[in-house]
Amino acid sequence: MSGKRVAIVTGAGRGMGAACARELAARDYAVALMSRSSAAEELASSLGGFGMRGSVTKEEDLRALVDAVLERHGRIDAVVNSTGDPASGELLEITDEDWHAGLDLVLMNVVRMARLVTPTMRERKDGVLVNISTCFACEPSSRFPLSSIFRAGLGGFAKLFADRYAADGIRMNNILPGFIDSYEVDESTRRAIPMGRPGTVEEVAKTVAFLVSPEARYITGQNLRIDGGLTRSI
């Protein structure tokens with residue numbers, strides 16, 4: 001059994017997920033990572049953690065990850081739910097298959113993970129989940145229709161979950177990145193960002209690390225934008 005705090009990170013093969021894994025490992029968390037490729041296994045090995053291949057859209061893969069972590073460490077302190085983005089396209093030309101795939105990828109992945117880890121967190125009266133969402137959950141963009149729609153729903157789920165399990169010592173928050181340097185950002189997009197640049201995956205990871213830490217123990221049910229001032233709503 002581990003004496004360290006233990007964090008699961010999905011979508012940890014690259015980008016924001018991988019940066020979160022590195023940041024948490026640097027803060028002395030034992031990390032358990034998953035991605036669809038071997039990248040999470042390779043990163044976990046370099047960080048002294050555990051990695052496996054799997055998809056966040058498959059409940060059996062999430063269950064295998066959680067079971068493996070509990071067998072190795074006997075505890076789960078934090079979960080970072082990170083995924084890729086669902087399909088884009090003209091709103092009414094998106095197929096039913098893509099709608100259902102988007103639901104599984106960016107909303108049901110969190111619901112299913114929450115079902116799996118909440119019982120062990122309730123036993124310990126401690127635990128936190130952070131979901132990497134998008135700033136377009138609060139200002140929907142036709143460039144990212146499925147992401148905007150389903151991640152708006154994720155905001156509702158996170159608030160209901162946070163309210164329900166706060167008394168059990170379990171927290172859930174969403175972070176809402178804008179344009180981040182894990183993807184190419186064109187000049188017109190860069191000019192639209194008040195800070196004049198995309199965010200970095202390291203900036204996202206440090207925010208996640210704060211939210212899972214005891215220093216943020218009074219923060220739950222929140223949607224925190226990390227967008228350099230891009231979105232205008234207040």
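Chains are numbered independently. Their residues run from 1 in the order of the written sequence. In keeping with the model being predicted, local features are shown solely for residues with a pLDDT of at least 70 and side-chain atom pairs are shown and tallied solely at 80 or more, while totals for entire chains, interfaces and linings include all residues. In computing side-chain values, all of the structure's heavy atoms are included and hydrogens and water are not.

Help me understand the sheet that holds strand β5 (residues 127-132), please; the structure alone is not making it clear to me.
Pairing between the strands of a sheet comes from backbone hydrogen bonds, and it takes one of two forms, parallel or antiparallel. In space, the seven strands of this open sheet follow the order β3-β2-β1-β4-β5-β6-β7, with parallel pairing throughout. A single partner strand is all that each edge strand has here, and the edge strands are β3 (50-53) and β7 (223-226). Ignoring strand direction, the axes of neighbouring strands in this sheet form an average angle of 15 degrees. A pair of strands is considered paired only if DSSP assigns at least 2 bridges between the two. Helical segments are the DSSP runs of H or I of at least four residues, strand segments are the runs of E of at least two, and each set is numbered from the N terminus. Bridge count between strand β2 (residues 30-35) and β3: four bridges; the pairing is parallel. When the sheet's bridge partners are listed, Met34 is paired in β3 with Met52. The contact criterion used throughout is that any non-hydrogen atoms of two residues lie within 4.5 Å. Under this scheme, a helix contributes an axis fitted over its contacting stretch, all axes are lines through C-alpha atoms, and angles between N-to-C directions fall in the 0 to 180 degree range. Here helix α1 (residues 15-26) sits on the sheet and contacts β1 (6-10), β2, β4 (78-81), β5 and β6 (170-177); the angle it forms with β1, its principal contact strand, is near 170 degrees. Its contacts with the sheet place helix α7 (residues 201-212) against β4, β5, β6 and β7, and it is angled at close to 165 degrees to β6.

Would you take a moment to explain the pattern of salt bridges for this structure?
Where charged atoms from two side chains of opposite charge approach closely, those side chains can pair. By convention in these notes, a salt bridge is any Lys or Arg side-chain nitrogen within 4 Å of a carboxyl oxygen on Asp or Glu. All told, the structure shown has 16 salt bridges when counted by the stated rule. The salt bridge partner of Arg53 is Glu41, with a shortest N-O separation of 3.3 Å. A residue pair is termed long-range when its members are at least 10 positions apart, and Arg53 in strand β3 and Glu41 in helix α2 (residues 39-46) qualify at 12 residues. Relative accessibility under 20% of the residue-type maximum defines a buried residue, over 50% an exposed one, and the middle range a partly exposed one, all with a 1.4 Å probe and only protein chains included. With a relative accessible area of 32%, Glu41 lands in the partly exposed category. With its nearest N and O atoms 3.8 Å apart, the salt bridge here joins Arg190 to Glu187. Here the residue Arg190 and the residue Glu187 both occupy positions in helix α6 (residues 187-192), the gap between them amounting to three residues, near one helical turn. The class for Glu187 is partly exposed, based on a relative accessible area of 47%. What you see here is one network of salt bridges that share partners, running through Arg5, Arg75, Asp77, Arg124 and Asp126.

Is there a simple way to explain the layout of surface pockets in this structure?
Rolled over the atoms, a probe as big as a water molecule pinpoints where empty space is left. Here the largest pocket is characterised by a volume of approximately 770 Å³. A cavity, in this analysis, means grid points on a 1 Å lattice covering only the protein atoms where a 1.4 Å probe fits yet has no way out; a pocket is instead an open set bounded by protein on both sides within 12 Å along at least five of seven lines, and a residue lines either one if it has an atom within 4 Å of a point. Taken together, 38 residues form the lining of the largest pocket, with Arg14, Thr83, Gly84, Asp85 and Tyr183 sitting closest to its centre. Elements with a minimum of two residues in the lining of the largest pocket: α1, β2 and α5 (145-165). Broken down by element, the lining of the largest pocket gets its largest block of residues, three residues, from α1. Classification used: nonpolar for Ala, Val, Leu, Ile, Met, Phe, Trp, Tyr, Cys and Pro, charged for Asp, Glu, Lys and Arg, polar for all others including Gly. A class-by-class count of the residues in the lining of the largest pocket yields 13 nonpolar, 18 polar and seven charged. Grid points are joined across faces, edges and corners, and a volume is the space filled by probe spheres set on the points.

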